[in-house]
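Structural features, examined
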Amino acid sequence: MFTCRLPWWRSRATCKPRQPGRFLPRIWERCQPPSRKGINTTARQGQQVGEQESRRNQVLEDLEMPLAKRDTETLFQEQPETGNQHLEDALLWSYLKIHLPPKVLEEVNQDLERFGNRLLTKIKPLGRGCKLNLAVFRQHDARGQRVHHTVTCLAWRRMKEIAAEEGLIAEAYERRHSSWSRLHQAVKLYLFSSSSGGFNCALAMTDGTAKVIESLGIPGSLKNAFDHLTSRDPKQFWASGQCMARSRGGSDVAACSETVARKQPDGTYHLYGFKRFTLAAESDVTSTLARVADAEGQVKQGSSGLPLFFLKVRDEGGKLNSIQVQRLKDKLGTRQMARAQLWLDGAKAELTSAEGHGVASISNVLNVTWIHNVIGAVASMRRMISLSREYARSRVAFGKLLQDHPLHMQTIAWMEVQTRGAFLLLMEIVRLLGLVETNTASEQDQLLLRLLIPVAKLYTGKQASAVVVETMESFGGQGYMEDTGLPVVVHDTLVPSIWEGTTNILSLDILQSLTESQGQAMAGFFSTVQKKLELASSTVKLEPAAKHAIGSLAQFTQAAGSKGAATVELAARGFSYTLARIYAGALLIEHAAQPDASSAHISAARRWCNPELCPVATRQENSSHEAEEAPMDSALVYGGSPACGSGPSLTRGNWEAQPPGETEGGLQSEKNPNPNPKILSQPWWGPSTGATPNPSGVSPNYTTRSSLKSTAFAPSYLLTQLQIIVKQGSHGARAFDFSFYILRCLKQALLFL
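In this text the structure is predicted, and so the values were computed from the model without any measurement. (Residues numbered from 1 in each chain as written. Predicted model: local features only at pLDDT ≥ 70, side-chain atom pairs only at ≥ 80, totals over all residues. Heavy atoms only, no water.)

Below, the discussion takes up the overall build of the chain. Along the backbone of the chain there are 27 helices and 14 strands. Burial status across the chain gives 51% buried among its 753 residues. Intrachain contacts of the chain at a sequence separation of at least 6 include 73% that bridge at least 24 residues. Carbon and sulfur atoms make up 54% of the accessible area of the chain, which totals about 34600 Å². (Helix = DSSP H or I, 4+ residues; strand = E, 2+ residues; numbered from the N terminus. Buried < 20%, exposed > 50% of the residue type's maximum accessible area, 1.4 Å probe, protein only. Contact = heavy atoms within 4.5 Å. Areas by Shrake-Rupley, 256 points an atom, 1.4 Å probe, with all protein chains shown as cover.)

Our next topic: the nonpolar core. The tendency in soluble globular proteins is for nonpolar side chains to be buried side by side. One finds Phe 525, Leu 553 and Phe 575 to be the most contacted residues of the largest nonpolar core, which totals 128 residues. When residues in this core are grouped by element, the largest group, 14 residues, is from helix H13 (residues 406-437). Once you skip the residues sitting within four places of it in the chain, Phe 525 turns out to touch Leu 448, Leu 451, Leu 452, Ile 550, Leu 553, Leu 579, Ile 582 and Tyr 583. Core analysis: the next-biggest nonpolar cluster, separate from the first, contains 17 residues, Tyr 269, Val 292, Phe 309 and Ala 340 among them. (Core = buried A, V, L, I, M, F, W, Y, C linked by side-chain atoms within 4.5 Å.)

Turning to the packing of helix H4 (residues 90-99) against helix H5 (residues 102-132), a few remarks are in order. Put simply, H4 and H5 touch, their axes get as near as 10 Å, and they point 155° apart. Looking at the two axes, H4 sits roughly antiparallel to H5. For the pair formed by H4 and H5, the contact residues are Trp 93, Leu 96 and Lys 97 on the first element and Leu 105, Asn 109 and Leu 112 on the second. The class makeup of the residues in the contact of H4 with H5 is four nonpolar, one polar and one charged. (Axes fitted to C-alpha atoms, helices over the stretch in contact; angles between N-to-C directions. Parallel < 35°, antiparallel > 145°, perpendicular 65-115°, else oblique. Nonpolar A, V, L, I, M, F, W, Y, C, P; charged D, E, K, R; others polar.)

A few words now on the side chain of Ser 474. By secondary structure assignment, the location of Ser 474 is in helix H14 (residues 443-474). Within the structure, the side chain of Ser 474 is placed 2.9 Å from the side chain of Ser 388, a separation counted as a polar contact. Setting aside its immediate chain neighbours within four residues, Ser 474 contacts Ser 388, Tyr 391, Leu 402 and His 408. (Polar contact = N/O pair within 3.5 Å; in protein donor to acceptor, adjacent residues only side chain to side chain.)

Inspection of the sheet shows strand E4 (residues 260-263) paired to strand E5 (residues 269-278) by four bridges, in the antiparallel sense. The residue bridging Lys 263 from the neighbouring strand is Tyr 269, located in E5. Here E4 runs beside strand E7 (residues 291-292); their pairing, made up of two bridges, is parallel. Residue pairing in the sheet places Ala 261 in a bridge with Val 292 of E7. (Pairing = 2+ DSSP bridges.)

A word on unusual backbone geometry. Here Arg 175, not a glycine, exhibits a phi torsion of approximately 60°, which is positive. The class of Arg 175 is partly exposed, set by a relative accessible area of 21%. Although it is not a glycine, Ile 218 adopts a positive phi angle of roughly 50°. Inspection of the secondary structure assignment puts Ile 218 in the loop between helix H9 (199-215) and helix H10 (220-229).

Between helix H12 (residues 358-392) and H13, the shortest axis-to-axis distance is 9 Å and the interhelical angle comes to 150°. In terms of orientation, H12 lies roughly antiparallel with respect to H13. With respect to the hand of their crossing, H12 and H13 are arranged in left-handed fashion. For the pair formed by H12 and H13, the contact residues are Ile 371, Val 374, Ile 375, Val 378, Met 381, Arg 382, Ile 385, Ser 388 and Ala 392 on the first element and His 408, Ile 412, Met 415, Glu 416, Thr 419, Arg 420, Ala 422, Phe 423, Leu 426, Ile 429, Val 430 and Leu 433 on the second. Here the residues of the contact of H12 with H13 are counted per class, giving 15 nonpolar, three polar and three charged. (Left-handed = near helix turned anticlockwise from the far one by under 90°.)

This paragraph deals with the environment of Asp 294. By the secondary structure assignment, Asp 294 is in the loop between E7 and strand E8 (308-312). Overall, Asp 294 belongs to the partly exposed group, its relative accessible area being 39%. Along the primary structure Asp 294 and Arg 262 are separated by 32 residues, whereas in three dimensions their C-alpha atoms are 7.7 Å apart.

Now for the environment of Pro 125. Here Pro 125 shows up in helix H5. In sequence terms Pro 125 and Gly 197 are 72 residues apart; their C-alpha atoms lie 9.3 Å from each other.

Attention shifts here to the side chain of Thr 578. Relative to the assigned elements, Thr 578 resides in helix H20 (residues 572-592). In this view, Thr 578 contacts Leu 553, Leu 613, Cys 614, Pro 615 and Val 616; residues no more than four positions away in its chain are not counted.

Turning to the packing of aromatic side chains, a few remarks are in order. Counting across every chain of the model gives 10 aromatic pairs. Considering the side-chain rings of Tyr 190 and Phe 423, the 5.3 Å spacing of their centres and the 50° angle between planes classify their relative orientation as tilted. Taken as a pair, Tyr 190 in helix H8 (residues 181-193) and Phe 423 in helix H13 lie far apart in primary sequence, 233 residues in all. For Phe 423, a relative accessible area of 2% translates into the label buried. Between Phe 525 and Phe 526, the aromatic rings sit 6.1 Å apart at their centres with planes inclined by 75°, giving edge-to-face as the arrangement. Of the two residues, Phe 525 and Phe 526, neither departs from the other in class, the shared state being buried. (Phe/Tyr/Trp six-rings, centres within 6.5 Å; stacked < 30°, edge-to-face > 60°.)

Another point: the pattern of salt bridges. Tallied over the full model, the rule gives 31 salt bridges. Of the charged contacts, one joins Lys 223 and Asp 227 as a salt bridge, the two residues approaching to 2.8 Å between their closest N and O atoms. With Lys 223 and Asp 227 both in helix H10 and four residues apart, the pair spans about one turn of that helix. Ionic pairing is found between Asp 330 and Arg 335, a salt bridge with its closest N-O pair at 2.9 Å. (Salt bridge = Lys/Arg side-chain N within 4 Å of Asp/Glu carboxyl O.)

On to the environment of Asp 141, then. Secondary-structure assignment places Asp 141 in the loop between strand E1 (136-140) and strand E2 (146-151). On the basis of relative accessible area, Asp 141 is assigned to the partly exposed category, the value being 29%. A polar side-chain atom of Asp 141 sits 3.0 Å from the main-chain amide nitrogen of Arg 143.

Structural data, given as C-alpha cells:
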C-alpha cells in the first residue's frame, strides 16, 4: 500500500489505513447536484456548528488518506458552492426587516426566496452558458447577401424571457408596493446580477429608456413602446439599447455628437451618423442624440442643438432599420454582452424631446443606469466574498482550515465591511428614488438623491475593483485560473468605474450638482447625516468620529469658496470620496443602532469609521488642493522623461532645503529664488494613522519638507508606531499592518536622504 507524502506541517501525523467502503461513497457524494444550502434557515441554524466541525474533520481525514486511494493524483480542491442568495445574505435580511412595512415585507420575502431558488437551479447555469457562448457577428448570409446579424446564444435569449417573467423592469413601474416597488426591483437585480451572464447591462439600458418615456409623460406615440419595455410577457417584452458614443468617444456629449437628423414629410426623422460603442445591435429599440439639420443642411452646435430620438432597431419583417453593424467590440470584460460599432444610414426615428433638451432628457437614463452600475458593483463584491467565505471552510493550509487563520479572516472581514457600506449606500439611493417616483419625496430628498447617485456610482466602482481583486487573491493560485470563473468576475468588475462616466467625470458632476442647488444639497447632506447620528448616539459610541468628520467637511466647504475654481476642481475627487465615506458611515451607524442589531453590525460600523472619513480636509491642510499644485502635478507626471521634450521637470533643487532660507511657505536659495516646495510625501493610500491601504484610490499628498518633520509621516513617528506594534504582540492578525509600517518607514527615510 502506498502512503502519502505529508506536508511538513503534518510530518508527525500518521496516515490512517483506508476504511472499507469509504472511497466509493465519497465519489458518489461528489456526483450529486449542488446542495440547496440555506433554503431551510431554521434547520440550517440548528446544524451549523455540527456541520462545521464535521467538515473540518473530514478535510483533515482526506489529507491522511493513502495516495492510491484518493479521488485524484493531481491537484484537487473542492469547489466553493453557495446556496439561496437571499437567505444567506444576513445584511439584506436585516435591512428589509427594519425598513419595509410588515405586509410588504412578507410579500417581498416570499418573492425573493422563490427567486433565490430559481437563481440557484435555473438561472446560474444559463449565466455560465452566456459566458461560454459569446455573441457572433455575421456580416453575410449563405448567399452572400449583407445581413449585419448579431447571433446570440440560446442561454442569452432565455435570460431575456426570465427577465420578463420575473418583472425585473416591470416591478419598478407597476408600483404594487408604492415607493417600495423600486427597492423591491433593485434587490431582485442585486440577486440576479452575478448569475445573469451579463444580461444585467441590457436591463440597465431598458430601465433607463422606460424611465425617460415615463418622465416625458408617456406620450401617445411612445405608449406602445413603454408597454413593451415594462411587460411581464416574454413574447411582448422589449430590451432597449443606447447609442450615445460618437466616433471620438468620451463623456463630452455636446462636443462629440456628430449624428445628423433630417426631417421627413410624414413628421419622422432619418438619422445619419457613426456610433462607436452601442448596445443596440441585439436590442429591440434604442435611444440616441442627433443634431437636426435645417433646410440648408446646417446644424446647431453645442448641447442646445441636441434633441433625443427614439427608434426601433428592426422593422416588422425583422430587417435592420437602415443600420449597418460594422463590427463587435473586443473588450477586456463583459464579453458576453455584444457591444457594436454601428453606422446609421437613414434610420427612421421619432423625436422625443424638444430641441435643446436632449441632454437633460438623457439625465434620467443616466440616473437609472448609474444605479444599475452600483447594483452590479455591490453584487460582484457580495458574490466573491460568499465564495471566499465558503472556500475558507474547506481549504486547509499549514495544518488547519483557512477560517482558522486569524490573518486570513481579518482580510475577509475588511472586505465584508466595505461591501456592507456599499450595500447600504445602494439601498439608500434606491429608497430615495422610490419616494421621488411616487411624489412623496421632500425637496431635501430630491436634492440628496441628485447628489448621492454619482457619489455612490464612483465610490462603489472603486470599491468593487479593490475588493474583487483582493478576494481573488484569497483563493491563491486557483483564483488566477480561468476555468474557475473567478478571473471573469474580475474582468467584469473593472468596468463600473469606467462605464457611463469615469471617476473624475463624476467628481466634477457632483460639484455641478452642488452649484445648481446653490448649497442646498450640502445643507441637506449635513442635516440628514446629523439626524442619523443623533438616533444612534444612545446605542453606538461612534458618532463622535463621524461628527468630527462632518465638522472637517463643513470647514473645507466654507474655505473652498474663497480658493477659486482651480482649488475646488483639484479637490473634487477627494471631496467625492469624503461624501461617500461619511454618508455610508452614518448608514452603518444607523443600522447598528437598531434594537436587535447583532454584534457583527456594530463591529462593521466601528471598523468603517476607524479609518479617515474626511480625506479631503487633511489634503486641504497639507495644501494638496491649492492652485499652485497643478504645475507640480504636471512636473511629476512628465518631468525627466526624454520623450517629453522641454516640459516641466522635478529635481532635487526644487525642493531641497537650503538653510537659513527655509520658511513655512516655501524654500529659497540664490540659485532657485522661487522654488516649488512640494514633494511626494506618502504612499498612495493616503494620510491614515493606520497602515491599511485605502481602496478608494485617493491621490497622494504633497507637503513641504519642513512640515513633514512635524506630521505623522516623519520617520521618527513611524518608527515609534512600529515599536508600539512590536510591543503589543499578536502579530498574526496584525502582520498586514506591520508590513506596511516597515514600508512606510523605508520610504520616508529615502525621502529625507
